[in-house]
Amino acid sequence: MICLLICAAAVSCNGRKDPETPGYIVQVSMGEWDEQFYPTEDIIARIDEVCSIIPLEKVLVGWVTDPEPYRQIGEYLHGKGIQMLLYLPVFAETEGAFENIPAVDIWGEAPTRYIIPGGGGFKFNCPTVQSNIDNLIGFYEEHLADVDFDGVFLDRIRTQSFVCGINGVLGCGCDNCAALFEAEGVNLDDVRRAYEAKGDKFFSVTSYDPKTGFTFEDETARAFFEAKCRIVSTSVAKVCDYFHNRGMIVGLDLFAPILAQFVGQDYGILAEHCDFIKPMLYRKTWAPAGIGFDYDLLRQSAPGADGYPELTLDVEFLREQLRAMEDLPCQKYPGIEIVYDEKIVPTTPEYIIESLNTVLEFGYEGAVVSWNIMQVPKDHIRCLADVSAQPSRHSTGSK
């Protein structure tokens, strides 16, 4: 059945051909390690439906342990000139695959496990301890290294956000991370004392620049978050370098620029170690990585902090976030959510078209239509045909 479907699909759609035309990337969340949620033939059929509408360049597929579904999907994709990247979580949602050492806050306590609305949840692991990185690589080498992936797409490459208060953001505070902070000139005992003395005011800021982030009023807070970004991003760079050394493309899932510094993502460092980034520019998502969701939690977690502007998540805000990444030395495929949930992701075809048209103004390499394509409503797929004619990637955009 799968062979017949692959042959039929070869007739119905083609991957992106013109290198001057921005391409699209889709994500497929097949399951959770030992459990595959969708039959492989259904996954291929959905991808085929999408690539009959838009120029599909890459598909991010994960995460199950069994290599066979990847091989079957890869045979179809490569027959169409579409790249297949392993969609791989790094510092969270790996409990079902291998052992991890969990992250702790600066008081040595594990932050509360975040529960996803509607069920499920995840906790974050230490982003620097070598055994966590070794176990990730060991899992890949044992189970998936023989699959013909063109690359890897790394997810969960951060610390926890404000989803459970300030504890996940003020970390990791394990001995290994504390030593790395010390090497950066930051003593975590000083950070604890500064926070305990100032409370919410520890998070007060004096200004915001989309390219450099917030400027903290407190010098200890400033030093902590700058060091945290360098430490976490340098650790992610090690994983990137491993896969690059295997000759693989590396893509990265990133928080929007306005939120990245709180979770340890330094765009500058990361851009030097990857081929492309996918900043999650989710304006309609009320779950982790949704801009309004996480920004509201920041304000709720430190209500006494000063200097944070009110956000209007309109097209001009989207353009501001897109400008923030224009000078980075890597490819950019901003992520726009096209899934739908009445409460969590109340997107519409109009929102999707507006967002993608705005992304295409900037002449970047393309866009990721997020997140799990298997859960996207049919009308949200069909509306992709109504996105404006795609400009040459040499376009300068609305600067």
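Before reading further, recall that the structure is shown in the block above.
Worth saying up front: this structure is predicted, and the values here are computed from it rather than measured. (Residues numbered from 1 in each chain as written. Predicted model: local features only at pLDDT ≥ 70, side-chain atom pairs only at ≥ 80, totals over all residues. Heavy atoms only, no water.)

Engineer: Can you walk me through the overall build of the protein chain in this structure?
Structural biologist: Each helix and strand counted, the protein chain has 13 helices and 14 strands in total. Taking 21 Å as the expected radius of gyration for a compact globule of 399 residues, we find that the protein chain reaches 21 Å, a close match to that expectation. Across its three principal directions, the C-alpha atoms of the protein chain cover 65 × 45 × 40 Å. In the protein chain, buried positions account for 58% of the 399 residues. Summarising the internal contacts of the protein chain: among those between residues at least 6 apart in sequence, 81% fall at separations of at least 24. Of the roughly 15300 Å² of accessible surface on the protein chain, a fraction of 49% belongs to carbon and sulfur atoms. Across the protein chain, the centroid of the 32 positively charged side chains sits 3 Å from that of the 60 negatively charged ones. (Helix = DSSP H or I, 4+ residues; strand = E, 2+ residues; numbered from the N terminus. Rg over C-alpha atoms; globule rule 2.2 N^0.38 Å. Buried < 20%, exposed > 50% of the residue type's maximum accessible area, 1.4 Å probe, protein only. Contact = heavy atoms within 4.5 Å. Areas by Shrake-Rupley, 256 points an atom, 1.4 Å probe, with all protein chains shown as cover. Lys, Arg positive; Asp, Glu negative; His and termini not counted. Charge placed at Lys NZ, Arg CZ, Asp CG, Glu CD.)

Engineer: What exactly am I supposed to notice about the nonpolar core here?
Structural biologist: When a protein is soluble and globular, its nonpolar side chains tend to lie buried together. Core analysis: the biggest nonpolar cluster contains 138 residues, and Tyr-70, Leu-154, Phe-203, Phe-243, Leu-252 and Tyr-308 have the highest contact counts within it. In terms of residues, this core owes the most to one element, helix α7 (residues 219-245), which gives twelve residues. Here Leu-154 is in contact with Leu-88, Val-90, Val-239, Cys-240, Phe-243, Val-250, Gly-251, Leu-252 and Asp-253, once residues within four sequence places are set aside. Within the second largest apolar cluster, seven residues are counted, among which are Val-104, Val-129, Cys-172 and Cys-174. (Core = buried A, V, L, I, M, F, W, Y, C linked by side-chain atoms within 4.5 Å.)

Engineer: Explain helix α2 (residues 40-51) to me, please; I cannot follow it from the model alone.
Structural biologist: The periodicity of an α-helix, 3.6 residues per turn, causes residues three or four places apart in sequence to face the same way. Compared with the 16 Å implied by 1.5 Å per residue over twelve residues, the 17 Å span of α2 between its first and last C-alpha is a close match. Within α2, burial applies to Thr-40, Ile-43, Ile-44, Arg-46, Ile-47, Asp-48, Val-50 and Cys-51. (Expected span 1.5 Å × (residues − 1).)

Engineer: Got a minute to help me understand the pairing of strand β1 (residues 23-33) in this structure?
Structural biologist: A regular strand carries its side chains on alternate faces of the sheet. The element β1 is largely enclosed, with a buried count of nine among its eleven residues. By the bridge criterion, seven bridges tie β1 to strand β3 (residues 56-64) in an arrangement that is parallel. Paired with Val-26 across the two strands is Val-59, which belongs to β3. When β1 meets strand β2 (residues 35-36), the two strands line up antiparallel, connected through two bridges. If you follow Gly-31 over to β2, its bridge partner there is Gln-36. In this structure, the hairpin formed by β1 and β2 is closed by a connection of one residue. (Pairing = 2+ DSSP bridges.)

Engineer: Help me out: how do you make sense of the pattern of salt bridges in this one?
Structural biologist: Evaluation of the coordinates by the stated rule reveals 21 salt bridges. With its nearest N and O atoms 3.1 Å apart, the salt bridge here joins Arg-283 to Glu-354. Taken together, the positions of Arg-283 in the loop between β11 (276-280) and α10 (291-301) and Glu-354 in helix α12 (residues 349-360) put the pair 71 residues apart, joining distant regions of the chain. Residue Arg-283 is classed as buried on the basis of its relative accessible area, which comes to 7%. We note a salt bridge from Glu-310 to Arg-299, for which the minimum N-O separation is 3.6 Å. Taken together, the positions of Glu-310 in the loop between α10 and α11 (315-323) and Arg-299 in helix α10 put the pair eleven residues apart, joining distant regions of the chain. Glu-310 sits in the exposed class, given a relative accessible area of 67%. Classification of Arg-299 by relative accessible area gives partly exposed; the value is 27%. (Salt bridge = Lys/Arg side-chain N within 4 Å of Asp/Glu carboxyl O.)

Engineer: Quick question: what am I supposed to make of unusual backbone geometry here?
Structural biologist: Working note: non-glycine residues mostly have negative phi, and peptide bonds are mostly trans. Cis geometry is found at the peptide bond from Gly-171 to Cys-172, where omega equals 5°. Within the secondary structure layout, Cys-172 lies in the loop between β7 (151-155) and α5 (175-183). Despite not being glycine, Arg-156 shows a phi value in the positive range, around 55°. Positionally, Arg-156 belongs in the loop between β7 and α5.

Engineer: Any chance you could explain the environment of Gly-251 here in plain terms?
Structural biologist: Examined against the element boundaries, Gly-251 turns out to sit in strand β10 (residues 249-255). The buried category is assigned to Gly-251, whose relative accessible area is 0%.

Engineer: Sorry, what's going on with the side chain of Asp-253 here?
Structural biologist: Along the chain, Asp-253 turns up in strand β10. At 3.0 Å, the side chain of Asp-253 and the side chain of Lys-278 are in polar contact. If near-sequence neighbours (up to four positions away) are discounted, Asp-253 is found in contact with Phe-153, Leu-154, Asp-155, Ile-157, Gln-265, Lys-278 and Met-280. (Polar contact = N/O pair within 3.5 Å; in protein donor to acceptor, adjacent residues only side chain to side chain.)

Engineer: When you look at the packing of α2 against helix α3 (residues 67-79) in this model, what are you seeing that I'm missing?
Structural biologist: Running from N to C, α2 and α3 cross one another at 30°; their axes reach a closest spacing of 10 Å. By the angle class used here, α2 and α3 are roughly parallel. Read as a crossing pair, α2 and α3 show a hand that is right-handed. Across from Thr-40, Ile-43, Ile-44, Ile-47, Asp-48 and Cys-51 in α2, the residues of α3 making contact are Pro-69, Gln-72, Ile-73, Tyr-76 and Leu-77. (Axes fitted to C-alpha atoms, helices over the stretch in contact; angles between N-to-C directions. Parallel < 35°, antiparallel > 145°, perpendicular 65-115°, else oblique. Left-handed = near helix turned anticlockwise from the far one by under 90°.)

By themselves, these figures tell us nothing about what the structure is for.
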